[in-house]
Amino acid sequence: MLAHAPFARLGAREARARIARREISPVELTRAALDAARETQASLNAFFLIFEEEAMAAAREAEAAVMRGEATGPLHGLPFSAKDLMAVKGAPYASGSRAMADNIAGVDAPAVERARAAGAILIGKTTTSEFGCKPIGDSPLTGITRNPWNLDKTPGGSSAGAAASVAAGVTPFALGTDGGGSIRIPCAFSGLAGIKGQFGRVPVWPTSATPTLAHVGPIARDVADAAMLFAAIAGYDSRDPFSVAGPVPDVEAAVDAPVAGMRIAWSPTLGYARPDPEVLRVTRAAVERLAGLGAVVEEVETVFGSDPADLWAAEFYAGVGTRLREVVETRRELLDPAVAEVLQAALSQEMRGYYETVFRRYALREEMRGFFERYDALVSPVLPVTSLDAGLDMPAHLSERNLLSWVFYTYPFNLTGQPAASICAGLDADGMPVGLQIVGRALGEADVVRLAAALERVRPTFDPVPPAFRPVPVEVLQ
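Note that the structure is a prediction, hence the values are computed from the model and not measured. (Residues numbered from 1 in each chain as written. Predicted model: local features only at pLDDT ≥ 70, side-chain atom pairs only at ≥ 80, totals over all residues. Heavy atoms only, no water.)

Undergrad: How should I be thinking about the nonpolar core in this particular structure?
TA: Taken as a class, soluble globular proteins show a tendency for nonpolar side chains to be buried jointly. One finds Leu 75, Leu 78, Phe 173, Leu 436, Ile 438 and Leu 451 to be the most contacted residues of the largest nonpolar core, which totals 73 residues. For this core, the element with the highest residue contribution is helix α7 (residues 223–233), accounting for nine residues. Setting aside its immediate chain neighbours within four residues, Leu 75 contacts Ala 115, Ala 118, Gly 119, Ala 120, Phe 173, Met 228, Leu 229 and Ala 232. Judged by nonpolar contacts, the second largest core, of 58 residues, contains Ala 265, Val 339, Val 385 and Met 394. (Core = buried A, V, L, I, M, F, W, Y, C linked by side-chain atoms within 4.5 Å. Buried < 20%, exposed > 50% of the residue type's maximum accessible area, 1.4 Å probe, protein only. Helix = DSSP H or I, 4+ residues; strand = E, 2+ residues; numbered from the N terminus. Contact = heavy atoms within 4.5 Å.)

Spelled out as structure tokens, the structure:
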């Protein structure tokens, strides 16, 4: 419990405004974030590294700039973290793997570089499953990361530590990555909002092990805070060969845009998923509230003619397996056994079979282009379950699926590259968050954000801070 966490409820936008008014200082905000990061390590295990000295030095510089009345960036003085699948100059860059524990980054990833340039203060690197290969929160390098809503549960992954720390109020937002759902999945399990932009909208560099699937994006308590961080990190970068060169949509303005007249496809299963009843109850209720906002909702049972899990697995695990081939073949004991198994299978693909999946992927993208000629957005659950015990790779009743395919809903939109977001639709009967996914047409981040923000405004009222991490009132402490 964070008994002395004065900023656990403070969102990024409010913190930015209060810093500008000199009501709080970057030094006290950063000090509180560092204290919270350390205090929660024993319970959550959200951080791989904590940058104590560097963060406080940056905070003092940020405070001095405010006191001098200098022009400041849009994220000035706000603490944040970056997942260990992202490079931070001079820091270990292990990607959650013992095989990479001695790897030191020579550069900042573009999103880290841009967040810092906008004034944000990096307090640490967060945990991830090994190379992002599992949608849960554990790795042989860092152990098990836990969910602030219930410490017996996983926060999801692979952006596990990013989600756990934001949900617990350590920082108002964090940078995660998403190669198959790794922002949206932990946001769903942890009651948060996350944005996966159009593929290439936020540059990814150094080159990812999964370069045709990887995204970087924000994780925050609500869509507006996520949009603020997204706006700071998005935009063309010549170092990423897939980087989108066009203008970045104004996602911050989209937060307040009306949704009346939007054509929404609601798909409970995408045609193949097997969601639990509680997931359907909470997500369906959320979608029904759209009618009151003037949106036109149509239920669409089948979005995909077949489950594209094999297309995703062929590309994702082949990429990671190729990057780790030497480790898989000679030092397999260093790897998570479940990860080693899927990487070995991916490496055994025959070239013709692999390229058949590549062309099927192109057909899938064309199928989605046609779908979004009829609709402005697609809404679905994020996950088929509302929680999963920490330490498990997948729900027992979905054990015939592979490490990622049991999630059903997220990986198709890494294959198509479309923008997508996850928000909390409400709580299940056990008080655990349930995620709702919003997918837009290509380059349509603004539509995704406006619909996500509208859905947040009309969801049932609940305290977004997990019970164990709610600040204790001062009078109680006395």
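Undergrad: Before we go on, may I ask you to explain helix α3 (residues 52–67) in this structure?
TA: An α-helical turn contains 3.6 residues, so a residue and the one three or four places further along point in the same direction. The terminal C-alpha atoms of α3 lie 23 Å apart, and with 16 residues this matches the ideal 22 Å at 1.5 Å per residue to within 8%. Of the positions making up α3, those classed as buried are Ala 55, Met 56, Ala 59, Ala 62, Ala 65 and Val 66. Looking at the packing, one finds that the buried side of α3 touches α1 (12–20), α2 (26–40) and β3 (121–126). Looking one or two residues past α3, Gly 69 carries a phi angle of roughly 75 degrees, positive in sign. (Expected span 1.5 Å × (residues − 1).)

Undergrad: Just to check I follow, could you spell out the sheet that holds strand β8 (residues 215–220) for this structure?
TA: Sheet strands pair via backbone hydrogen bonds, and the direction of the pair is either parallel or antiparallel. What the eleven strands build is an open sheet, ordered β1-β3-β2-β6-β8-β7-β12-β13-β11-β9-β10; its pairing is mixed. Looking at the sheet topology across the chains shown, the edges are occupied by β1 (47–50) and β10 (296–299). Across the sheet, the axes of successive neighbouring strands diverge by a mean angle of 25 degrees, strand direction being ignored. Here five bridges tie strand β2 (residues 79–83) to β3, and the two strands are oriented parallel to one another. In the sheet register, Ser 81 faces β3, and the bridge partner there is Gly 124. (Pairing = 2+ DSSP bridges. Axes fitted to C-alpha atoms, helices over the stretch in contact; angles between N-to-C directions.)

Undergrad: Explanation requested: the layout of surface pockets in the structure shown.
TA: One way to see where empty space is left: roll a probe the size of a water molecule over the atoms. Of the volumes computed, that of the largest pocket is approximately 390 Å³. Among the elements of the structure, α4 (110–117), β6 (173–178), β8 and α10 (309–323) are those that each provide at least two residues to the lining of the largest pocket. Counting residues per element, the lining of the largest pocket draws most heavily on α10, at three residues. Within the lining of the largest pocket, the residues separate by chemical class into 18 nonpolar, eleven polar and two charged. (1 Å grid on protein atoms, 1.4 Å probe; cavity = no way out; pocket = protein on both sides within 12 Å on 5 of 7 lines; lining within 4 Å. Points joined across faces, edges and corners; volume = space filled by probe spheres on them. Nonpolar A, V, L, I, M, F, W, Y, C, P; charged D, E, K, R; others polar.)

Undergrad: Just to check I follow, could you spell out the side chain of Arg 459 for this structure?
TA: Along the chain, the position of Arg 459 falls in the loop between α15 (445–457) and α16 (474–477). No salt bridge forms around the buried Arg 459; measuring N to O, its nearest opposite-charge neighbour Glu 456 is 4.1 Å away. Residues in contact with Arg 459, not counting those within four places in the same chain, are Arg 289, Cys 424 and Ala 425. (Lys, Arg positive; Asp, Glu negative; His and termini not counted. Salt bridge = Lys/Arg side-chain N within 4 Å of Asp/Glu carboxyl O.)

Undergrad: Help me understand the packing of aromatic side chains in this model?
TA: Aromatic ring pairs are reported here in terms of the distance separating the ring centres and the angle at which the planes meet. For the structure shown, the criterion picks out eleven aromatic pairs. Where Trp 312 meets Phe 316, the ring centres are 4.5 Å apart and the plane angle is 15 degrees; that geometry is what we call stacked. With Trp 312 and Phe 316 both in helix α10 and four residues apart, this pair spans about one turn of that helix. Per residue, the accessibility class of Trp 312 equals that of Phe 316, and both read buried. Where Phe 316 meets Tyr 317, the ring centres are 5.4 Å apart and the plane angle is 90 degrees; that geometry is what we call edge-to-face. Judged on exposure class, the residue Phe 316 and its partner Tyr 317 are both buried. Counting every residue linked through ring pairs, the aromatic cluster contains Trp 312, Phe 316, Tyr 317 and Tyr 411. (Phe/Tyr/Trp six-rings, centres within 6.5 Å; stacked < 30°, edge-to-face > 60°.)

Undergrad: So what exactly am I meant to see when it comes to the state of the cysteines here?
TA: Disulfide: a covalent bond connecting the sulfur atoms of a pair of cysteines. Taken as a whole and assessed by the stated rule, the structure comprises zero disulfides. Between Cys 187, a cysteine without a disulfide, and Cys 424, which holds the nearest cysteine sulfur, the sulfur-to-sulfur distance is 10 Å. (Disulfide = S-S within 2.5 Å.)

Undergrad: Explain empty space enclosed by the protein here, please?
TA: All told, the structure shown has two cavities of 30 Å³ or more when counted by the stated rule. Within this model, the largest cavity holds a volume of roughly 170 Å³. In terms of lining residues, the largest cavity is bounded by 17 residues, among which Phe 7, Ala 8, Gly 169, Val 170 and Thr 171 are the most central. Counting residues per element, the lining of the largest cavity draws most heavily on α2, which supplies four residues. Within the lining of the largest cavity, the residues separate by chemical class into 13 nonpolar, three polar and one charged. As a volume, the second largest cavity reaches approximately 40 Å³. Surrounding the second largest cavity, Ala 188, Phe 189, Val 279, Val 382, Leu 383, Val 385, Thr 386, Pro 433, Val 434 and Gly 435 form its lining. Elements supplying a minimum of two residues to the lining of the second largest cavity: α6 (184–190) and β13 (433–440). The element best represented in the lining of the second largest cavity is β13, accounting for three residues.

Undergrad: Honestly, the side chain of Thr 177 in this entry has me stumped. Any pointers?
TA: Following the sequence through the fold, Thr 177 ends up in strand β6. Since its relative accessible area comes to 9%, Thr 177 is described here as buried. In terms of polar contacts, Thr 177 uses its side chain to reach the side chain of Lys 83, at 2.7 Å. Residues in contact with Thr 177, not counting those within four places in the same chain, are Lys 83, Leu 85, Met 86, Ser 159, Ser 182, Ile 183, His 215 and Val 216. (Polar contact = N/O pair within 3.5 Å; in protein donor to acceptor, adjacent residues only side chain to side chain.)

Undergrad: Please clarify how the confidence of the model for the protein chain should be interpreted in this entry.
TA: Mean pLDDT over the protein chain works out to 95, with 97% of the residues at or above the 70 mark. This model gives residues 474–478 a pLDDT under 50, and the stretch forms two contacts once residues within four places in sequence are excluded. (pLDDT = per-residue confidence, 0-100.)

Undergrad: How should I be thinking about the pairing of strand β12 (residues 420–427) in this particular structure?
TA: Two faces belong to every sheet, and in a regular strand the side chains alternate between them. For β12, the buried fraction is high: seven of the eight residues fall into the buried class. When β12 meets β13, the two strands line up antiparallel, connected through seven bridges. Its bridge partner lying in β13, Ser 422 is registered against Gln 437. Counted between consecutive antiparallel strands, the loop separating β12 from β13 contains five residues, among which Gly 431 sits at a positive phi close to 80 degrees.

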